[in-house]
Amino acid sequence: MVKSKAIQKIKDLLQILKIYINADGGDVEFVEYKNKILTLKIIGKCVGCPFQYNTFDEGIKVAFLQEIKEIKDVVFIK
């Protein structure tokens, strides 16, 4: 039950963050949440963008770690 609450929080926050990512033609998808590690997939124009590490590591990752205390790390895949 705790995991499902965490996943709902993740999906809710992801919907908010996607607004900003989608504005530039990029996107990010939920892949899994396992062992307190969130995995997200980078898609769209974000793939190969020279600013993707700033956007994801310094923006999205920080937002998830600050807002959802159950998460220990966020991993991005392509």
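Thresholds applied
Residues numbered from 1 in each chain as written. Predicted model: local features only at pLDDT ≥ 70, side-chain atom pairs only at ≥ 80, totals over all residues. Heavy atoms only, no water. Patch = residues over 30% accessible without salt bridge, like charges linked within 9 Å, V, L, I, M, F, W, Y side chains within 5 Å. Areas by Shrake-Rupley, 256 points an atom, 1.4 Å probe, with all protein chains shown as cover. Salt bridge = Lys/Arg side-chain N within 4 Å of Asp/Glu carboxyl O. Helix = DSSP H or I, 4+ residues; strand = E, 2+ residues; numbered from the N terminus. Buried < 20%, exposed > 50% of the residue type's maximum accessible area, 1.4 Å probe, protein only.

K.L.:
I'd like a rundown of a nonpolar patch on the surface, residues and numbers included.
P.N.:
Judged by side-chain polarity, I16, I19 and Y20 come together as a nonpolar surface patch covering roughly 360 Å² of accessible area. Within the secondary structure, I19 is located in helix α1 (residues 2–22). Exposure remark for I19: the relative accessible area of 58% places this residue in the exposed category.

K.L.:
With reference to specific residues and values, describe the pattern of salt bridges.
P.N.:
It is possible for side chains bearing opposite charge to pair when their charged atoms get close. If you walk through the whole model with that rule in mind, you get 3 salt bridges. In this structure, the salt-bridge partner of E70 is K9, at a minimum N-O distance of 3.1 Å. With E70 in the loop between α2 (52–67) and β3 (73–77) and K9 in helix α1, this residue pair connects regions lying 61 residues apart in the sequence. The partly exposed category is assigned to K9, whose relative accessible area is 40%. D27 serves as the salt-bridge partner of K18, at 3.1 Å between the closest nitrogen and oxygen. D27 carries the same exposure label as K18, and that label is buried.

Worth remembering: the numbers are spatial, not functional.
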